[in-house]
Amino acid sequence: MVTAIVLLKADVARIPEVAEEIAALDGVSEVYSVTGNVDLIAIVRVRDHERVATVVADHLNKVPGVVGTDTHIAFRTYSSHDLEAAFSLGE
């Protein structure tokens, strides 16, 4: 499984529509509207790097209202949520 974090700049007037269209793409697991230097963050989870290219370059970048993207591939995942589940006693 490959996880990519995609930072997106979007047309400010279309942020909700852009987010919904991106969230509906196959391979996109989550989309967050955020503050800061970017407007949206999309989490892409797919089986291989080629599929990341397909999702981001062929689909996500072509959503009307997407102005720019910056894609980061995750090497490892560190999550306190995952650790809590692993050490849970079934409460």
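This write-up is about the structure you can find in this document. Keep in mind the model is a prediction, meaning the values are calculated, not measured.

## Concerning the environment of Glu30
And step 1. Mapped onto the elements of the fold, Glu30 is located in strand E2 (residues 28-33).
And step 2. Once residues lying within four places of it in the same chain are set aside, the contact partners of Glu30 are Ile41, Ala42, Ile43 and Arg45.
And step 3. There is a polar contact of 2.3 Å between the side chain of Glu30 and the side chain of Tyr32.

## Some words on the sheet that holds strand E1 (residues 2-10)
And step 1. An order of E2-E3-E1-E4 is seen for the 4 strands of this open sheet, with the pairing classed as antiparallel. The outermost strands of the open sheet, each flanked by one partner alone, are E2 and strand E4 (66-73). In this sheet, neighbouring strand axes are inclined to one another by 20 degrees on average, regardless of whether the strands run parallel or antiparallel.
And step 2. Across 7 bridges, E1 lies against strand E3 (residues 40-46) in antiparallel orientation. From the neighbouring strand, Ile5 faces E3, where its bridge partner is Ile43.

## Details of the environment of Asn61
And step 1. With respect to the element layout, Asn61 can be found in the loop between helix H2 (49-59) and E4.
And step 2. Sequence separation between Asn61 and Ile22 is 39 residues; the distance between their C-alpha atoms is 9.3 Å.
And step 3. With sequence-adjacent residues up to four places away left out, Asn61 is seen in contact with Val56, Val66 and Thr69.
And step 4. Among the polar contacts listed, one links the side chain of Asn61 to the side chain of Thr69, at a separation of 3.0 Å.

## Regarding helix H1 (residues 15-23)
And step 1. Along H1, the positions that sit buried rather than exposed are Ile15, Val18, Ala19 and Ile22. The buried side chains of H1 occupy one side of the element, clustering within an arc of 100 degrees when seen end-on.
And step 2. The inward-facing, buried residues of H1 contact E1, E2, E3 and E4.

## Remarks on the nonpolar core
And step 1. Counting residues in each nonpolar core, the largest one holds 21 residues, and the members touching the most others are Leu8 and Ile22.
And step 2. Breaking this core down by element, the ones donating at least two residues are E1, H1, E3 and H2.
And step 3. No other element matches E1, which puts 5 residues into this core.
And step 4. Ignoring sequence-local partners within four residues, the contact set of Ile22 consists of Leu8, Val28, Val31, Ala42, Leu60, Val63 and Val66.

Conventions and cut-offs
- Residues numbered from 1 in each chain as written.
- Predicted model: local features only at pLDDT ≥ 70, side-chain atom pairs only at ≥ 80, totals over all residues.
- Heavy atoms only, no water.
- Helix = DSSP H or I, 4+ residues; strand = E, 2+ residues; numbered from the N terminus.
- Contact = heavy atoms within 4.5 Å.
- Polar contact = N/O pair within 3.5 Å; in protein donor to acceptor, adjacent residues only side chain to side chain.
- Pairing = 2+ DSSP bridges.
- Axes fitted to C-alpha atoms, helices over the stretch in contact; angles between N-to-C directions.
- Buried < 20%, exposed > 50% of the residue type's maximum accessible area, 1.4 Å probe, protein only.
- Arc of directions from axis to C-beta.
- Core = buried A, V, L, I, M, F, W, Y, C linked by side-chain atoms within 4.5 Å.

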